[in-house]
Amino acid sequence: MRHRVFGRKLNRDVNQRKALLRSLLTSFITHGKIITTKAKAKFFQPVVEKLIAGLIKKNDLSSIKRVQSKLQNPVLVKKLSDKAKEFSTRIGGYTSIKDVNIRRGDKTRMVQIGWSGQ
């Protein structure tokens, strides 16, 4: 039974999930969009939304430190804070997920996650 089970595990342990999340965040902020599996995109999207929302609501030292702890790259933090300024008039919905195709090897649904304005 799945009572009170929270979050997605993606068949990885905690450190692997953190590394996966960090690499997805790095690629997403660098390129603006990435193609990944649907499960990884659904795992990744709320994290990006919360980071952007935190930077928009209050652009203080604590919110910047929170983003730095996730990204560990000051260039990406600057790029994300610039993107947050573009979304300052929005309440939510900063990213969007679009179906792309099905991966040929294992029939996994692939999606493209990108900024919702692009």
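In what follows, the structure referred to is the one given above.
Note that this is a predicted model, so its numbers are computed, not measured.

### Thoughts on the overall build of the chain
Then, number 1: Per the secondary structure count, the chain includes 4 helices and 3 strands.
Then, number 2: Going from the N terminus to the C terminus, the chain shows its helices and strands as α-β-α-α-α-β-β.
Then, number 3: Here the C-alpha radius of gyration of the chain, 15 Å, is about what a compact globule of 118 residues would show, namely 13 Å.
Then, number 4: Projected onto the principal axes, the alpha-carbon positions of the chain cover approximately 45 × 30 × 25 Å.
Then, number 5: Counting only residues that meet the buried cut, the chain has 35% of its 118 residues in that class.
Then, number 6: Counting only contacts in the chain whose residues sit at least 6 apart along the sequence, the fraction spanning at least 24 positions is 57%.

### Points about the sheet that holds strand E1 (residues 33–37)
Pairing between sheet strands relies on hydrogen bonds along the backbone, with the strands arranged either parallel or antiparallel.
Then, number 1: Sheet architecture is open: 3 strands sit in the order E1-E3-E2, paired in antiparallel fashion. Here the strands that pair on one side only, and so sit at the sheet edges, are E1 and strand E2 (95–102). Neighbour-to-neighbour, the strand axes of this sheet turn through a mean angle of 25°, independent of strand direction.
Then, number 2: By the bridge criterion, 5 bridges tie E1 to strand E3 (residues 109–115) in an arrangement that is antiparallel. Residue pairing for E3: threonine 37 is matched across the bridge by methionine 110.
Then, number 3: In this fold helix H1 (residues 14–31) packs onto E1, E2 and E3, with an angle of close to 145° to the strand it touches most, E1.

### Remarks on the packing of aromatic side chains
Then, number 1: This model, assessed by the stated rule, comprises 4 aromatic pairs.
Then, number 2: Taking 5.4 Å as the distance between ring centres and 80° as the angle between the ring planes, the aromatic pair formed by phenylalanine 28 and phenylalanine 44 counts as edge-to-face. Separated by 16 residues along the polypeptide, phenylalanine 28 in helix H1 and phenylalanine 44 in helix H2 (residues 38–57) bring together distant segments of the chain.
Then, number 3: Given a relative accessible area of 0%, phenylalanine 28 falls into the buried group.
Then, number 4: Accessibility expressed as a relative area gives 0% for phenylalanine 44, which makes it buried.
Then, number 5: Geometrically, the ring pair formed by phenylalanine 28 and tryptophan 115 is tilted, given 4.6 Å between the ring centres and 45° between the ring planes.

Cut-offs and rules
- Residues numbered from 1 in each chain as written.
- Predicted model: local features only at pLDDT ≥ 70, side-chain atom pairs only at ≥ 80, totals over all residues.
- Heavy atoms only, no water.
- Helix = DSSP H or I, 4+ residues; strand = E, 2+ residues; numbered from the N terminus.
- Rg over C-alpha atoms; globule rule 2.2 N^0.38 Å.
- Buried < 20%, exposed > 50% of the residue type's maximum accessible area, 1.4 Å probe, protein only.
- Contact = heavy atoms within 4.5 Å.
- Pairing = 2+ DSSP bridges.
- Axes fitted to C-alpha atoms, helices over the stretch in contact; angles between N-to-C directions.
- Phe/Tyr/Trp six-rings, centres within 6.5 Å; stacked < 30°, edge-to-face > 60°.

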